[in-house]
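# Reading the structure
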Amino acid sequence: MGMMLVAPLTEGWHTVLRALVLTLVVVPVAVYLVVPRLFAGYGALLRSRNSRKTS
């Protein structure tokens, strides 16, 4: 899916260069934006489950 989103911007580029650019964009976004939010949501879920067990 990412390749299809980047395709209009990188029309004449070699496939390997497209993959490199996509990787350089996706990895930092995942590490700094997506994963911390997933961990926060998971922590909230665990806290709510633990509070139900102790109550």
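Read on for an overview of the structure. Treat the numbers as computed from the prediction; the structure is a model and nothing was measured.

## Here we look at the overall build of the protein
Within the protein, the regular secondary structure consists of two helices and zero strands. At 19 Å, the protein has a C-alpha radius of gyration far larger than the 10 Å of a compact globule built from 55 residues. C-alpha extents for the protein along the principal axes are approximately 60 × 15 × 15 Å. Taking all 55 residues of the protein together, the buried fraction comes to 9%. Of the accessible surface of the protein, which amounts to about 4900 Å², a share of 71% is contributed by carbon and sulfur atoms.

## Quick look at a nonpolar patch on the surface
Side chains of Val-25, Val-26, Val-27, Val-29, Val-31, Tyr-32, Leu-33, Val-34, Val-35, Leu-38 and Phe-39 sit close together on the surface and give an oily, nonpolar patch of about 1000 Å² of accessible area. Along the polypeptide, Val-34 turns up in helix α2 (residues 15-54).

## A closer look at the environment of Leu-5
Secondary-structure assignment places Leu-5 in helix α1 (residues 2-6). Since its relative accessible area comes to 60%, Leu-5 is described here as exposed. C-alpha separation for the pair Leu-5 and Leu-22, spaced 17 residues apart in sequence, amounts to 9.6 Å.

Criteria and thresholds
Every residue gets a number counted from 1 within its own chain, in the order that chain's sequence is written. Reporting of local features is limited, given that this is a predicted model, to residues whose pLDDT is at least 70; pairs of side-chain atoms are given and counted only at 80 or more, and all residues count toward the totals for whole chains, interfaces and linings. The side-chain quantities take in all heavy atoms of the structure and omit both hydrogens and water. Helix and strand definitions here come from DSSP, where helices need a minimum of 4 consecutive H or I residues and strands a minimum of 2 consecutive E residues; each element is numbered from the N-terminal end. Atoms considered for the radius of gyration are the C-alpha atoms alone. The globule rule reads 2.2 Å times the number of residues to the power 0.38. Relative accessibility thresholds used throughout: buried, under 20% of the residue-type maximum; exposed, over 50%; partly exposed, between the two (1.4 Å probe, protein chains only). All accessible areas in this document rest on Shrake-Rupley with a 1.4 Å probe, and a residue is counted as covered only by the protein chains that are shown. In this scheme, patches are assembled from residues that exceed 30% relative accessible area and form no salt bridge. Like charges are connected within 9 Å, while nonpolar side chains (Val, Leu, Ile, Met, Phe, Trp, Tyr) are connected within 5 Å. Any Lys or Arg side-chain nitrogen found within 4 Å of a carboxyl oxygen on Asp or Glu counts as a salt bridge.

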